[in-house]
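# Structural features, examined
Read off the chains here:
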Amino acid sequence: MDTKPNNEGKPPRQNNRGPRPEGGRPSRSGNRPQNGGGRGRGPQQGGQDNNGERKAGISRGAAVRALKRTQMDAQRIANQYMAAPTDEKRRPNFIDDSPRLKVIGLGGMDGGGSKNMMLVEYVNDAVVLDAGNDLGVDLPGINYGIADTAYMESIKHKIRAYVITHGHLDHIGGLPHIVPKYPAPIYGSKFTIGRVEEIFENFGLPMPEGFELQTVTMNEDTHERLKIGEFFVELVRITHSIPGSTCIVLDTPVGRIINTGDFRFDPNPLDHERSDLERLAELGNEGVLALLSESTTVERMGRTPSESTIEQSFIDIMDQAPGRIFIGLFSTNMNRVQMIVNAAVHHNKKVAMDGRSMVSTLEMAVRNGFMKIPKGTFVPIASAASMKDEELVVVCTGSQGEPSSALQRMANGEHRHIKLKEQDTVILSSTPIPESGNDALVGQMVDGLVQKGVHVFEARNHDLDNVGPLHVSGHASRDEYAEMIQLTKPKFFIPIYGAYRVKQRHIDLAVEQGIPRANTVNALNGDVVALTPDKMEIIGQVPSGTILVDQTGAVVSNVVVKDRVLLAEEGLVAVVITVDKKNGNLLTSPDIISRGFIYMREQEEIMNGLRNEVRRAVQQRFKRVDLDRFKAELKDHMTHYLFEQTQRSPIVIPVVNVIGGKTESAKTVHQSKTKSAEEVAAEQQERFLKMRERLLTQDARVD
């Protein structure tokens with residue numbers, strides 16, 4: 001899929017926090033100095049700026065309010081991907097045992113369509129349609145998000161199957177997390193099941209003990225119908241940018257519903273697997289209760305061009321290119337890969353592939369007979385450097401400028417086997433994913449390529465470069481969305497898999513096709529759409545949200561994400577002090593650690609001032625309050641001082657080591673029977689130094 005940030009590989013990070021001021025991070029409290037400033041202050045004094053001028057003192061309340069604003073900003077960013085709220089004491093308002101068909105979007109009903117996941121429930125049976133992930137999550141340390149399955153926990157005894165429209169990650173990427181918790185067979189076309197088995201094999205975490213993956217391959221060409229509980233399921237062939245794409249037809253006791261999956265009506269696909277318009281028309285004539293239609297590109301006018309229109313472009317470029325040819329595209333677009341292979345064979349060139357996800361998908365496609373590769377066409381990427389320039393075509397990931405992709409590593413000179421050079425040709429056979437922030441990253445990558453003297457052809461600039469089209473979308477345009485409605489003739493219409501505003505455009509289009517507006521609904525994630533043969537309405541909500549997953553496949557708490565955002569935005573300052581419990585005196589100068597806040601060696605006056613503040617706090621408060629309260633007061637005191645000096649609110653961590661007390665005294669008395677007081681003191685000092693060394697890292701930023 002080429003218009004959502006959820007296809008192949010993790011897209012680059014994007015900034016959802018508004019534009020940054022030139023030269024730095026976004027400012028939330030006016031124009032803050034980026035590296036701090038000012039001098040250390042004594043008691044009851046304001047700081048000084050870098051010009052030696054006196055600054056007005058800042059009240060403790062202002063510092064506290066600034067810290068709260070910073071924390072709220074971080075929480076707001078983290079809350080874009082909240083897990084489902086839970087309230088065990090209150091009876092959920094979505095329990096409904098009446099014989100109505102319930103359609104629930106657990107994911108994909110907002111944004112650009114991601115973590116796509118629909119649930120269809122009737123009395124004691126439920127099936128899940130797609131279970132994808134969201135690779136466009138813009139949070140530190142997060143790889144992707146999946147739909148929260150809190151509601152599935154309450155109906156896990158009803159779940160009979162997972163039925164998948166196609167093999168893109170935004171439709172199957174959540175399966176390894178969800179299916180082991182709620183086991184049921186997974187249904188799909190041959191290619192889709194191949195992709196499902198592939199992601200389970202490559203999943204980073206072990207499966208629960210006793211879990212066995214169950215898959216059912218269905219034949220979309222024979223209109224095979226299988227019984228699943230109270231439902232009958234059928235897959236109908238549809239064209240998209242990945243083989244094996246299908247619509248899901250679900251016959252229920254209430255009526256027939258159709259989930260289109262991602263689609264376009266390509267009249268001349270490379271694999272000759274055209275959309276089964278005849279079967280869709282038959283289903284429409286028989287009667288369709290509700291159409292659940294994807295909505296990704298409803299705002300695009302006309303019809304999407306055929307994939308076949310770009311085949312000649314690759315042949316023409318290979319005719320003219322003076323050196324090696326590198327083609328970046330989405331890793332699952334096997335039809336495009338087949339097209340490139342055909343062009344390479346036509347020019348007596350060899351093909352090397354790079355990008356783990358692309359190679360894995362290709363191996364699966366060849367194994368299952370979806371690709372026709374003449375013997376001897378492919379060569380290992382490791383041998384590419386030894387081949388003649390005019391003999392080589394490299395197909396790789398990186399068309400979106402992803403930082404770790406094969407093409408980006410080649411552009412940066414970091415690739416293990418290939419270094420790009422003058423007279424090489426790079427073709428970007430895709431367009432930047434809308435609303436992903438990829439435009440800038442692609443532009444930066446192209447800048448680097450052009451600086452190396454590489455010829456670059458971008459799909460979006462093909463007219464300017466005097467070449468034919470290099471990419472077509474995998475999604476329908478407005479006329480095709482209208483045709484889907486005309487073919488299926490649904491009584492009710494529910495747009496899915498798209499942003500709210502785009503789904504509303506889809507509803508307007510459905511009304512133009514004759515569907516009463518009262519028979520449409522623009523549902524959100526968690527909305528329970530209840531259907532009878534004569535009525536459709538939203539009757540409540542189930543818990544919905546996003547579960548965040550890191551690079552290892554482990555789930556990450558929202559609280560952890562908030563802390564990561566704070567660290568990324570404001571940095572961290574830790575102070576380590578060691579206090580004699582008997583007299584309350586510091587045993588050594590406070591050790592200060594700064595990470596992502598200011599460079600301490602350039603801000604010695606601020607750090608010295610902070611040490612003085614810590615010393616004064618110990619003298620004034622340590623013997624007067626208990627240890628926990630002292631730590632809290634010390635944290636507030638440091639926060640106030642740092643905000644006054646820098647107008648920033650880093651995470652502040654005080655570490656207080658207390659030496660002495662009953663345990664230490666008893667130990668000293670016992671040891672004094674055989675050791676002198678000087679020896680005991682020396683041992684204590686040695687233990688303290690070792691403890692201090694463990695607490696502090698050996699880094700230039702540690703003072």
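Above: the structure in question.
Residues numbered from 1 in each chain as written. Predicted model: local features only at pLDDT ≥ 70, side-chain atom pairs only at ≥ 80, totals over all residues. Heavy atoms only, no water.

## Description of the overall build of the protein chain
What the protein chain contains, in helices and strands, is 18 helices and 26 strands. Considering the protein chain as a whole, with its 703 residues, one finds that 55% of them fall into the buried category. Restricting the contact set of the protein chain to residue pairs at least 6 apart, pairs at least 24 apart contribute 73%. (Helix = DSSP H or I, 4+ residues; strand = E, 2+ residues; numbered from the N terminus. Buried < 20%, exposed > 50% of the residue type's maximum accessible area, 1.4 Å probe, protein only. Contact = heavy atoms within 4.5 Å.)

## Thoughts on the packing of helix H15 (residues 604–621) against helix H16 (residues 627–646)
Two elements in contact, H15 and H16, have axes separated by 10 Å at closest approach and are oriented at 150 degrees. In terms of orientation, H15 lies roughly antiparallel with respect to H16. Both H15 and H16 take part in a crossing whose hand is right-handed. When H15 is examined against H16, the residues Glu 605, Ile 606, Gly 609, Leu 610, Glu 613, Val 614, Arg 616, Ala 617, Val 618 and Arg 621 are found in contact with a partner set consisting of Arg 629, Phe 630, Glu 633, Leu 634, His 637, Met 638, Tyr 641, Leu 642, Gln 645 and Thr 646. (Axes fitted to C-alpha atoms, helices over the stretch in contact; angles between N-to-C directions. Parallel < 35°, antiparallel > 145°, perpendicular 65-115°, else oblique. Left-handed = near helix turned anticlockwise from the far one by under 90°.)

## Some points on the packing of helix H6 (residues 277–286) against helix H12 (residues 478–488)
If you want to describe how two helices pack, look at the angle between their axes and the distance between the axes. Relative orientation of the contacting elements H6 and H12 amounts to 50 degrees, with a least axis distance of 6 Å. Between H6 and H12, the angle falls in the class oblique. Across from Leu 277, Leu 280, Ala 281 and Gly 284 in H6, the residues of H12 making contact are Glu 483, Met 484, Leu 487 and Thr 488. For the contact of H6 with H12, a count of residues per class yields five nonpolar, two polar and one charged. (Nonpolar A, V, L, I, M, F, W, Y, C, P; charged D, E, K, R; others polar.)

## What about the pattern of salt bridges?
A complete count under the given rule lists 30 salt bridges for this structure. Between Arg 256 and Asp 251 there is a salt bridge, with the nearest N and O atoms lying 2.6 Å from each other. Note on Arg 256: relative accessible area 12%, which makes it buried. Overall, Asp 251 belongs to the buried group, its relative accessible area being 13%. (Salt bridge = Lys/Arg side-chain N within 4 Å of Asp/Glu carboxyl O.)

## A few points about the sheet that holds strand S3 (residues 125–129)
In space, the eight strands of this open sheet follow the order S8-S7-S6-S3-S2-S1-S20-S21, with mixed pairing throughout. For this open sheet the edge positions go to strand S8 (215–217) and strand S21 (536–541), each flanked by a neighbour on one side alone. For this sheet, the mean inter-axis angle between neighbouring strands, taken without regard to orientation, is 25 degrees. Two strands pair when backbone bridges link them, and strand S7 (residues 186–188) and S8 are joined in this way by three bridges, in the parallel orientation. Looking across to S8, one finds that Tyr 187 is bridged to Val 216. Here helix H5 (residues 190–201) sits on the sheet and contacts S7 and S8; the angle it forms with S7, its principal contact strand, is near 140 degrees. (Pairing = 2+ DSSP bridges.)

## Concerning the sheet that holds strand S17 (residues 425–428)
On the basis of which strands lie adjacent, the open sheet formed by five strands has the order S15-S16-S14-S17-S18 and parallel pairing. Each of the sheet's edge strands pairs with one partner strand only, and the pair in question is strand S15 (350–354) and strand S18 (455–458). With direction set aside, neighbouring strand axes in the sheet form an average angle of 20 degrees. Relative to S17, strand S14 (residues 325–328) runs parallel, the two being bridged by four bridges. Paired with Phe 326 across the two strands is Val 426, which belongs to S17. Along the sheet, helix H8 (residues 334–346) contacts S14, S15 and strand S16 (392–396); its crossing angle with S16, the most-contacted strand, is approximately 175 degrees.

## A word on the side chain of Glu 570
Mapped onto the elements, Glu 570 comes out in helix H14 (residues 558–570). For Glu 570, a relative accessible area of 0% puts it in the buried group. Here the side chain of Glu 570 touches Ser 649 through a polar contact of 3.3 Å, landing on its backbone nitrogen. (Polar contact = N/O pair within 3.5 Å; in protein donor to acceptor, adjacent residues only side chain to side chain.)

## Structural notes on H16
With 20 residues, H16 ought to run about 28 Å at 1.5 Å a step, and its terminal C-alpha atoms sit 28 Å apart, in line with that. The set of residues buried in H16 consists of Phe 630, Leu 634, His 637, Met 638, Thr 639, His 640, Tyr 641, Leu 642, Phe 643, Glu 644, Gln 645 and Thr 646. With a side-chain oxygen positioned 3.3 Å from the backbone nitrogen of Asp 628, the residue opening H16 is Asp 626. Count one or two residues on from H16 and you reach Gln 647, which has phi positive near 60 degrees. (Expected span 1.5 Å × (residues − 1).)

## Some remarks on the pairing of strand S10 (residues 231–237)
Judged by how many residues are buried, S10 sits mostly within the fold: six of seven residues are covered. Sheet topology places strand S9 (residues 225–228) next to S10; four bridges connect them, and they run antiparallel. Paired with Ile 228 across the bridge in S10 is Phe 231. The antiparallel hairpin formed by S9 and S10 contains two residues in its connecting segment, where Gly 229 sits at a positive phi of about 60 degrees. In terms of strand pairing, S10 meets strand S11 (residues 246–251) through six bridges, oriented antiparallel. Among the inter-strand pairings, Phe 232 is bridged to a residue of S11, identified as Asp 251.

## Side note on the environment of Arg 279
Topologically, Arg 279 is positioned in helix H6. For Arg 279, a relative accessible area of 10% gives the class buried. Each C-alpha atom of the pair Arg 279 and His 223 lies 8.3 Å from the other, and the pair is 56 residues apart in sequence. In this structure, Arg 279 is in contact with His 223, Glu 234, Val 236 and Glu 286, ignoring residues within four places of it in sequence.

## Re the packing of aromatic side chains
Under the counting rule described, the total for this entry stands at five aromatic pairs. For the ring pair Phe 200 and Phe 211, a centre distance of 6.3 Å and an interplane angle of 20 degrees mean the geometry is stacked. One end of the pair, Phe 200, is in helix H5; the other, Phe 211, is in the loop between H5 and S8, with eleven residues separating them in the sequence. Ring plane angle 85 degrees and centroid distance 5.4 Å describe the contact between Phe 622 and Phe 630, whose orientation is recorded as edge-to-face. In terms of burial, Phe 622 and Phe 630 fall into one category: buried. Taken together, the aromatic side chains of Phe 263, Phe 265 and Tyr 481 make up a single cluster linked through ring pairs. (Phe/Tyr/Trp six-rings, centres within 6.5 Å; stacked < 30°, edge-to-face > 60°.)

## Digging into the side chain of Asp 527
Along the chain, Asp 527 falls in strand S20 (residues 527–531). At 7.5 Å, Lys 503 is the nearest oppositely charged side chain to Asp 527, a buried residue that forms no salt bridge. There is a polar contact of 2.8 Å between the side chain of Asp 527 and the backbone nitrogen of Leu 524. Of note is the side chain of Asp 527, whose polar atom sits 2.7 Å from the side chain of Gln 541. If sequence neighbours within four positions are ignored, Asp 527 has contacts with Val 103, Ile 104, Gly 105, Ile 538, Gly 540 and Gln 541. (Lys, Arg positive; Asp, Glu negative; His and termini not counted.)

## Brief notes about the pairing of S16
Judged by how many residues are buried, S16 sits mostly within the fold: five of five residues are covered. Here four bridges tie S14 to S16, and the two strands are oriented parallel to one another. From the neighbouring strand, Gly 328 faces S16, where its bridge partner is Cys 396.

## Some details on the nonpolar core
By size, the foremost hydrophobic cluster in this structure holds 35 residues, and its most contacted members are Met 152, Tyr 162, Leu 175 and Ile 186. In terms of residue count, H5 provides more of this core than any other element does, four residues in total. Those residues within four positions of Met 152 in sequence are excluded, and the remaining contacts are Leu 106, Met 117, Val 128, Ile 159, Tyr 162, Ile 178 and Tyr 182. (Core = buried A, V, L, I, M, F, W, Y, C linked by side-chain atoms within 4.5 Å.)

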